[in-house]
Amino acid sequence: MMLLAIEQGNTNTLFAVHDGADWVAQWRTATESSRTADEYAVWLSQLLSMHDLKLAALDGCIISSVVPQSIFNLRNLSRRYLSVEPLVIGDNVDLGIAVRILKPSEAGADRLVNAIGAHLVYPGDLIIIDSGTATTFDVVAADGAFEGGVIAPGINLSLQALHEAAAMLPRIAIQRPERVIGKDTVSNMQSGVFWGYVALIEGLVTRIKAEWGRPMTVIGTGGVASLFEGATDSIDRFDPDLTIRGLLEIWRRNTHIKDI
């Protein structure tokens, strides 16, 4: 069994292939809601060929997307080029977890998938910090239930807003500055964004733990999470594979295929 897992965020889309034993390939592309199924197929077939794989070898597909207008094209990619009906998170998929928020339908697909991926590996109550277009803090109970959380602007979004709203501030790259006190405009901005986000993480983790009232393990994931490794003690583990692990588990639960 060869599974294609697609995880689409607002900024990037991850395509990953599982061969029944392991993840054998992963690729990221910029999220473009207007990209057609044919365009995805051309791009994906070229990358698969680098691993001696073909689209025809893929006989399963699961899709998680927070971009509703893209789901049509991703679904057509699976139907037209893999000849399989995909599982789509939030559409025809049973996640198998409780969603304990006021309006369960409002929970983002990516956040629920992460909750499943984390609960498989880490015992007890959890905080999942996913650093992407938005920075989300998700609370997962010891029984695996999604309990809600916090949504803050992502670090790249904040940098973009700072540049666009202030005429004198340049566009800069995100990196950890050597000092907190900057000596020029760029180092001032780098410090404000980087250490500001470290403070955001530390402050929210402290407040969530105090409100929850029980010990919690904090897991960092997402595109820019690695930036914060070694910068704070508030994150206990960094795990870049939460989402694809969750997608694989959801596939298994819904197809009852265990040998993948």
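Rules of the game
- Residues numbered from 1 in each chain as written.
- Predicted model: local features only at pLDDT ≥ 70, side-chain atom pairs only at ≥ 80, totals over all residues.
- Heavy atoms only, no water.
- Pairing = 2+ DSSP bridges.
- Helix = DSSP H or I, 4+ residues; strand = E, 2+ residues; numbered from the N terminus.
- Contact = heavy atoms within 4.5 Å.
- Axes fitted to C-alpha atoms, helices over the stretch in contact; angles between N-to-C directions.
- 1 Å grid on protein atoms, 1.4 Å probe; cavity = no way out; pocket = protein on both sides within 12 Å on 5 of 7 lines; lining within 4 Å.
- Points joined across faces, edges and corners; volume = space filled by probe spheres on them.
- Nonpolar A, V, L, I, M, F, W, Y, C, P; charged D, E, K, R; others polar.

Peer 1: Explain the sheet that holds strand β9 (residues 216-221) to me, and be specific about the residues and the numbers.
Peer 2: Strand order in this open sheet of 5 strands is β8-β7-β6-β9-β10, and the pairing throughout is mixed. The open sheet has two edge strands with one neighbour each: β8 (146-153) and β10 (237-238). Two elements, strand β6 (residues 125-131) and β9, share 6 bridges in a ladder whose sense is parallel. What sits directly across from aspartate 125, in β9, is methionine 216. Packed on one face of the sheet, helix α3 (residues 109-119) meets β6, β7 (134-140), β8 and β9 and runs near 120° to β8.

Peer 1: So what about the layout of surface pockets? Which residues, and what values?
Peer 2: Its volume calculated, the largest pocket comes out at about 890 Å³. Looking at the largest pocket, it is lined by 39 residues, and the ones nearest its centre are Thr11, Ser131, Gly132, Thr133 and Gly223. The set of elements that each furnish at least two residues to the lining of the largest pocket consists of β2 (12-18), β3 (23-30), α3, β6, β7, α4 (155-165) and α6 (242-255). With 5 residues, α4 is the single largest residue contributor to the lining of the largest pocket. Residue composition of the lining of the largest pocket, by class: 13 nonpolar, 18 polar and 8 charged. Empty space within the second largest pocket amounts to approximately 210 Å³. For the second largest pocket, the lining is made up of 15 residues, of which Ile89, Gly90, Ser105, Ala107 and Ala109 are closest to its centre. Among the elements of the structure, α2 (68-82) and α3 are those that each provide at least two residues to the lining of the second largest pocket. Looking at side-chain class alone, the lining of the second largest pocket contains 10 nonpolar, 4 polar and 1 charged residues.

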